[in-house]
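# Fold and contact review
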Amino acid sequence: MHRVHRLLLIVGLVFLLTAVGCARAAPTPTPTPPPPPTPTPRPATPTPAPVATPTPTLPMVLPTPTPLPTPRPTPTPGEAARYGGTLLVALPANPPHLDPRQETTFATIQPAAPVFNTLLQLDPFQYPRIIPDLAERWESSPDGTTFTFYLRRGVKFHNGKELTSEDIKDTFDKVINPPSGFLSPRLTVYKPVIKEIATPDPYTIVFRLNYPSGSFLLNIASPWNTIPPKEQPPADTRLKPIGTGPFIFERFIPGQLVEVKKNPNYFIPGRPYLDSIRYLVIVDLAARAAAIRTGRAHIEFRDMPPTVKDDIVRSLGDRVVVQETDWSCLWDTAAQTQRAPFSDKRVRLALNYAIDHRLGAQVLYPITGLRPPGTMIRFGSEWSPTWEELEKFPSWEPDAAARKERARQLLREAGVPEGFTFELKNRDIPNPYHDYANFLIDQWRQVGLVARHRILETTPHRTDARTGNFDLIIIFNCDAYDDPDRFYGARMPGSPDNYSFWTAEAFPDVVELFDRQSRTLDYTERVKLVKALEQKFWEHALYIKGYWGTRRVVHWKTVRNYIAPPNHYSNQRLQDVWLAAD
């Protein structure tokens with residue numbers, strides 16, 4: 001274990017020294033914005049939509065998940081907003097495409113979100129409150145099985161066509177019943193719930209549900225459900241997206257940048273403030289840190305590890321702002337359950353028993369920000385087990401030495417020889433993927449297993465993960481909000497994100513519990529069922545232990561009116577953000 005600690009410390013020092021070596025003396029953080037127009041909108045009331053938020057009566061719908069702590073807003077209250085300028089964003093991965101409906105990676109949604117609107121949205125200033133977006137209001141039936149949304153009128157796509165309910169229906173039709181060639185990662189979340197979608201007129205859309213669902217409105221407000229015009233083929237949306245959002249797609253140069261420019265006809269008066277946003281693809285962490293320090297980028301929306309964040313703050317002092325949050329983002333590992341010997345439950349259990357989860361939190365946090373244990377739903381949320389409950393689950397018992405011995409015993413019983421070698425595939429984003437992998441490799445080495453670490457670029461990594469072309473692969477499960485339907489649903493059979501490829505026929509008890517919790521409206525009973533579901537995942541070792549992240553958004557203080565939510569997916573439209581004078 002000392003060897004691991006020393007190894008990870010060396011990795012952290014390399015990050016730090018590399019970042020220091022790349023520093024420049026004279027940062028130039030602020031693009032030159034044009035003079036502010038008149039009249040100036042009032043930043044003290046940064047309401048993203050000028051329509052009052054309705055509060056529909058939902059007698060049978062559960063409350064939204066636990067509100068997570070949110071940092072303070074960055075602008076000075078009462079400060080006048082400023083028009084103009086180009087926001088420079090460091091993007092840590094190359095976008096595989098720009099259609100959020102078909103993706104789960106931040107590399108897609110961050111540069112695409114400013115182009116689009118959604119039916120509802122998560123409040124960028126009061127996460128996770130649900131507020132209108134393209135719908136100006138909504139209502140539900142008394143039994144919670146019918147939701148009617150009334151749309152804004154006169155909203156235009158960037159190609160000049162007026163938005164109608166048919167455009168919104170088309171997005172959800174594709175998500176629920178994806179046509180050939182359309183990947184729907186959230187299919188298993190929506191399809192069981194939504195019975196039919198009707199459009200009685202161009203400005204009304206009705207969702208009829210198979211059963212009342214406590215997560216329905218949250219799922220409708222998901223930032224992934226973007227609305228392009230119905231007529232645009234999905235293949236075109238992937239490369240040249242058209243939306244109704246505050247920014248118009250300008251260009252996408254794979255591996256280099258994505259650029260969007262201001263929509264002068266945006267339906268919210270006075271927005272956006274920025275002239276344009278330029279997303280610069282910078283995969284290397286040290287290079288991203290250097291970009292922030294030198295002003296080549298104003299912000300990185302994903303995360304800076306604690307040591308890198310500290311280095312930037314030491315360099316720039318009060319010229320930068322750090323917003324630290326929890327992170328609804330899990331990094332864990334899938335074993336291919338359809339491939340021997342990982343089809344043997346004893347082998348998968350051994351992989352989990354070998355991992356000292358408490359030690360990992362200690363050594364990984366300083367250099368990656370990973371810390372909370374990798375339960376399938378965010379640890380610490382109202383849905384997750386407590387520490388005491390978790391350490392009663394298989395492979396989570398508190399005695400680390402006993403767990404290691406149990407791992408060796410399981411491997412012997414499964415006939416896996418000492419020195420058995422397998423491949424661990426990983427993504428080419430060092431933080432936190434590579435340090436997490438190094439920790440796992442050392443833990444498995446201690447029980448006689450040899451993992452060969454193979455790093456892939458984002459697109460082949462996603463392809464291999466979704467086609468099952470791996471022994472073990474490091475993956476993630478992140479979203480804009482905590483909800484069991486979303487986080488467990490992504491790992492259920494039928495979902496393209498069920499990376500371990502376990503089947504409903506092999507584990508019907510897991511499927512039965514998932515369905516029961518999804519249909520349960522009694523909050524206390526649903527929490528109980530979710531915890532039972534969590535235990536089943538570990539009894540069957542359907543995934544390998546990971547960690548939840550913590551998040552640090554570091555940006556120049558000239559970036560105003562942005563509040564970092566506890567995820568890197570929502571609040572990415574940036575219509576309310578402006579660049580102050582230096």
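Residues numbered from 1 in each chain as written. Predicted model: local features only at pLDDT ≥ 70, side-chain atom pairs only at ≥ 80, totals over all residues. Heavy atoms only, no water.

The next thing to look at is the overall build of the chain. Looking only at helices and strands, the chain has 17 helices and 18 strands in total. Split into buried and exposed, the 582 residues of the chain put 62% on the buried side. A sequence separation of at least 24 residues applies to 74% of the contacts in the chain between residues at least 6 apart. For the chain, the accessible surface area stands at approximately 20,600 Å², while carbon and sulfur atoms represent 54% of it. (Helix = DSSP H or I, 4+ residues; strand = E, 2+ residues; numbered from the N terminus. Buried < 20%, exposed > 50% of the residue type's maximum accessible area, 1.4 Å probe, protein only. Contact = heavy atoms within 4.5 Å. Areas by Shrake-Rupley, 256 points an atom, 1.4 Å probe, with all protein chains shown as cover.)

Moving on: the sheet that holds strand β8 (residues 247-253). Strands sit in the order β1-β10-β9-β8 across an open sheet of four strands; the sheet is mixed. Since the sheet does not close on itself, it has two edges, and those belong to β1 (86-91) and β8, each with one partner. Taken pair by pair, the neighbouring strands of this sheet meet at an average axis angle of 15°, ignoring direction. In the sheet, strand β9 (residues 257-262) pairs with strand β10 (residues 276-281) via five bridges, with the strands oriented antiparallel. Its bridge partner lying in β10, V258 is registered against Y279. (Pairing = 2+ DSSP bridges. Axes fitted to C-alpha atoms, helices over the stretch in contact; angles between N-to-C directions.)

Once that is clear, we can look at the sheet that holds strand β11 (residues 320-335). A sheet is described by the order of its strands in space; here six strands give the open sequence β12-β16-β11-β15-β13-β14, paired in mixed fashion. Pairing within the sheet leaves two strands with one partner each, and these edge strands are β12 (370-373) and β14 (449-456). Neighbour-to-neighbour, the strand axes of this sheet turn through a mean angle of 35°, independent of strand direction. Bridging between β12 and strand β16 (residues 544-556) involves two bridges; their strand directions are antiparallel. If you follow L370 over to β16, its bridge partner there is G549. Sheet strands touched by helix α10 (residues 357-368): β12 and β16. Its angle to β16, the strand with the most contacts, is close to 20°.

One pass over the full model with this rule turns up three cavities of 30 Å³ or more. In this structure, the largest cavity spans a volume of roughly 280 Å³. If you go around the largest cavity, you meet 24 residues; those closest to its centre are Q121, S570, N571, Q572 and R573. Lining the second largest cavity, in full, are T104, T105, F106, R302, C329, W331, R427, Y433, F476, C478, H568 and Y569. At the level of secondary structure, the elements contributing two or more residues to the lining of the second largest cavity comprise β11 and β15 (472-478). A per-class count over the lining of the second largest cavity returns seven nonpolar, three polar and two charged. (1 Å grid on protein atoms, 1.4 Å probe; cavity = no way out; pocket = protein on both sides within 12 Å on 5 of 7 lines; lining within 4 Å. Points joined across faces, edges and corners; volume = space filled by probe spheres on them. Nonpolar A, V, L, I, M, F, W, Y, C, P; charged D, E, K, R; others polar.)

Note: disulfide means a covalent bond formed between the sulfur atoms of two cysteine side chains. In total, this model carries one disulfide according to the counting rule given. With its sulfur 1.8 Å from that of its partner, C329 forms a disulfide with C478. Between C329 and C478 the disulfide shows an S-S torsion of about 60°. By sign, it is right-handed. Note that C329 is positioned in strand β11 and C478 in strand β15, a separation of 149 residues in sequence. The pair formed by C329 and C478 is uniform in burial state, with each residue classed as buried. (Disulfide = S-S within 2.5 Å.)

Moving on to the confidence of the model for the chain. For the chain, per-residue confidence averages 88 on the pLDDT scale, and 87% of positions sit at 70 or higher. Segment residues 1-73 is flagged for pLDDT under 50; beyond a separation of four residues in sequence, or across chains, it makes 161 contacts in the model. (pLDDT = per-residue confidence, 0-100.)

The angle between the axes and the distance between the axes are what describe a pair of packed helices. Interhelical geometry of α10 versus helix α13 (residues 430-445) gives an angle of 155° and a closest axis separation of 10 Å. Taken as axis vectors, α10 and α13 run roughly antiparallel relative to one another. Seen along the crossing, α10 lies across α13 with a hand that is right-handed. Of the residues in α13, those in contact with L359, G360, V363, L364, I367 and T368 of α10 are N431, P432, D435, Y436, F439 and Q443. (Parallel < 35°, antiparallel > 145°, perpendicular 65-115°, else oblique. Left-handed = near helix turned anticlockwise from the far one by under 90°.)

Right, let's get into the nonpolar core. A general trend in soluble globular proteins is that nonpolar side chains are found buried together. Residues L87, F149, F207 and W444 are the most contacted members of the largest nonpolar core, which totals 111 residues. Ranked by residues supplied to this core, first place goes to α13 with six residues. Counting 31 residues, the second largest nonpolar core, distinct from the first, contains L390, W396, F487 and W502. (Core = buried A, V, L, I, M, F, W, Y, C linked by side-chain atoms within 4.5 Å.)

So, about helix α3 (residues 165-176). Taking 1.5 Å per residue as the helical rise, α3 with its 12 residues ought to reach 16 Å, and the 16 Å between its terminal C-alpha atoms agrees with that figure. For α3, a buried count of nine out of 12 residues is recorded, marking the element as mostly surrounded by other parts of the structure. All buried positions along α3 are accounted for by S165, D167, I168, D170, T171, F172, K174, V175 and I176. Buried residues in α3 make contact with β5 (146-151), α4 (187-190), β6 (194-201), β7 (204-209), α5 (216-220) and α6 (234-239). (Expected span 1.5 Å × (residues − 1).)

Assignment of secondary structure puts D303 in the loop between α7 (285-294) and α8 (306-316). Look at D303 and you get buried, because its relative accessible area is 0%. Engagement of the side chain of D303 in a polar contact is seen with the backbone nitrogen of R552, the distance being 2.8 Å. (Polar contact = N/O pair within 3.5 Å; in protein donor to acceptor, adjacent residues only side chain to side chain.)

Here we come to the environment of S141. Along the polypeptide, S141 turns up in the loop between β4 (135-140) and β5. Look at S141 and you get buried, because its relative accessible area is 17%. It is 9.7 Å that separates the C-alpha atoms of S141 and R208, two residues lying 67 residues apart in sequence.

For a regular strand, side-chain orientation follows a simple rule: the groups alternate between the two sheet faces. Bridge count for β4 against β5 is five bridges, and the pairing is antiparallel. Bridging from a neighbouring strand, E139 pairs with T148 of β5. Linkage of β4 to β5, two consecutive antiparallel strands, is achieved through a turn of five residues, within which G144 is found at a positive phi near 75°.

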